[in-house]
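Here's the letter readout for the chains.
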Amino acid sequence: MTVRLLEPAQAELDDAIRWYDGQAPGLGSAFLVEILDAFRLIESHPQAWHLLSANTRRCRLRRFPYGVVYTDVEGDILVVAIAHLHRHPNYWHDRPFESGRQ
């Protein structure tokens with residue numbers, strides 16, 4: 001099982017890291033470490049988080065107000081969004097991910 005990110009999710013991750021880097025030295029790196037920890041947890045226990053829809057789940061970060069929205073596509077984890085939890089809930093619903101391709 002591997003973790004892959006849709007392009008918009010990768011852009012969200014990059015943007016969040018940049019933003020946190022601008023807030024305090026090392027904060028962007030701390031955010032990335034927590035994201036990578038979440039990826040490892042999801043790989044180990046993909047069914048552990050609650051369903052957001054019939055095909056997606058969200059793993060919430062502990063320190064930061066973000067969640068990793070993901071789905072299982074052919075045995076791999078596809079990250080649909082790195083979603084800020086206080087902004088526009090479910091904005092990612094229109095992203096094509098059922099087949100794992102954009």
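What this report covers is the structure whose coordinates are included nearby. Sequence order as written defines residue numbering, which begins from 1 separately in each chain. Where local features are concerned, this predicted model is filtered to residues with pLDDT of at least 70; where side-chain atom pairs are given and counted, the filter is 80 or more; whole-chain, interface and lining totals use all residues. Hydrogen atoms and water are omitted, and side-chain values are computed over all heavy atoms in the structure.

## Describing the overall build of the protein
1) Next: Along its length, the protein carries 2 helices and 4 strands.
2) Next: For the protein, the N- to C-terminal ordering of α and β elements is β-α-α-β-β-β.
3) Next: For 102 residues, the compact-globule formula gives about 13 Å, and the C-alpha radius of gyration of the protein, at 13 Å, lands near that figure.
4) Next: Once the C-alpha set of the protein is aligned to its principal axes, its extents read approximately 40 × 25 × 20 Å.
5) Next: Scored against the burial criterion, the 102 residues of the protein give a buried share of 41%.
6) Next: Contacts spanning at least 24 positions in sequence make up 47% of the contacts within the protein whose residues lie at least 6 apart.
7) Next: If you sum the accessible surface of the protein, you get close to 5900 Å²; carbon and sulfur atoms cover 50% of it.
8) Next: His is not counted, nor are the chain ends; Lys and Arg add positive charge and Asp and Glu add negative charge. In plain terms, the charge of a residue is placed at NZ if it is Lys, CZ if Arg, CG if Asp and CD if Glu. Side chains of the protein give 11 positive and 13 negative charges; the mean places of these two sets differ by 6 Å. Per the convention used, a helix needs a DSSP run of H or I reaching at least four residues, while a strand needs a run of E reaching at least two, with both numbered from the N terminus. Note that the radius of gyration is over C-alpha atoms, with the globule rule given as 2.2 Å times the number of residues to the power 0.38. Relative accessible area decides the class of each residue, using a 1.4 Å probe on protein chains only: under 20% of the type maximum gives buried, over 50% gives exposed, and in between gives partly exposed. Here, residues are in contact when the closest pair of their heavy atoms is within 4.5 Å. In short, Shrake-Rupley with a 1.4 Å probe defines the accessible areas, and a residue's cover is counted only from the protein chains shown.

## Let's talk about the nonpolar core
1) Next: With 21 residues, the main nonpolar core has Phe31, Ile35, Leu61, Tyr66, Val68 and Ile82 as its most contacted residues.
2) Next: Of all the secondary-structure elements, those providing two or more residues to this core are helix 1 (7-23), helix 2 (27-44), strand 3 (66-73) and strand 4 (76-84).
3) Next: Counting residues per element, this core draws most heavily on helix 2, at 6 residues.
4) Next: In contact with Ile35, not counting residues within four places along its chain, are Leu13, Leu61, Val68 and Ile82.
5) Next: Nonpolar cores were defined as sets of buried Ala, Val, Leu, Ile, Met, Phe, Trp, Tyr and Cys residues, with membership established by side-chain atoms within 4.5 Å. By size, the runner-up hydrophobic cluster in this structure holds 8 residues, among which are Val73, Val80, Ala81 and Ala83.

## A short note on helix 1
1) Next: One fewer than the residue count of a helix, multiplied by 1.5 Å, yields its expected span. With 17 residues, helix 1 should cover 24 Å at 1.5 Å per step; its first-to-last C-alpha distance of 25 Å lies within 8% of that length.
2) Next: Within the sequence span of helix 1, burial applies to Ala9, Glu12, Leu13, Ala16, Ile17 and Tyr20. Taken end-on, helix 1 shows its buried residues confined to a sector of 130°, consistent with a single buried face. Facing away from the buried surface of helix 1 by more than 90 degrees, the exposed residues are Glu7, Arg18 and Gly22.
3) Next: Next to the buried residues of helix 1 lie strand 1 (3-5), helix 2, strand 3 and strand 4. To obtain the arc, one takes the directions from the helix axis to the C-beta atoms.

## Concerning the sheet that holds strand 2 (residues 57-60)
1) Next: What the 4 strands build is an open sheet, ordered 1-4-3-2; its pairing is mixed. Edge positions in the open sheet fall to strand 1 and strand 2, since each of these has one partner strand only. Geometrically, the sheet is characterised by an average inter-axis angle of 35° between neighbouring strands, direction not taken into account.
2) Next: Here, any two strands with at least 2 DSSP bridges between them count as paired. Pairing between strand 2 and strand 3: 4 bridges, direction antiparallel. In the strand pairing of strand 3, Arg58 is matched with Val69. Angles run from 0 to 180 degrees between N-to-C directions of axes, and those axes are lines fitted to C-alpha atoms, restricted for helices to the stretch in contact.

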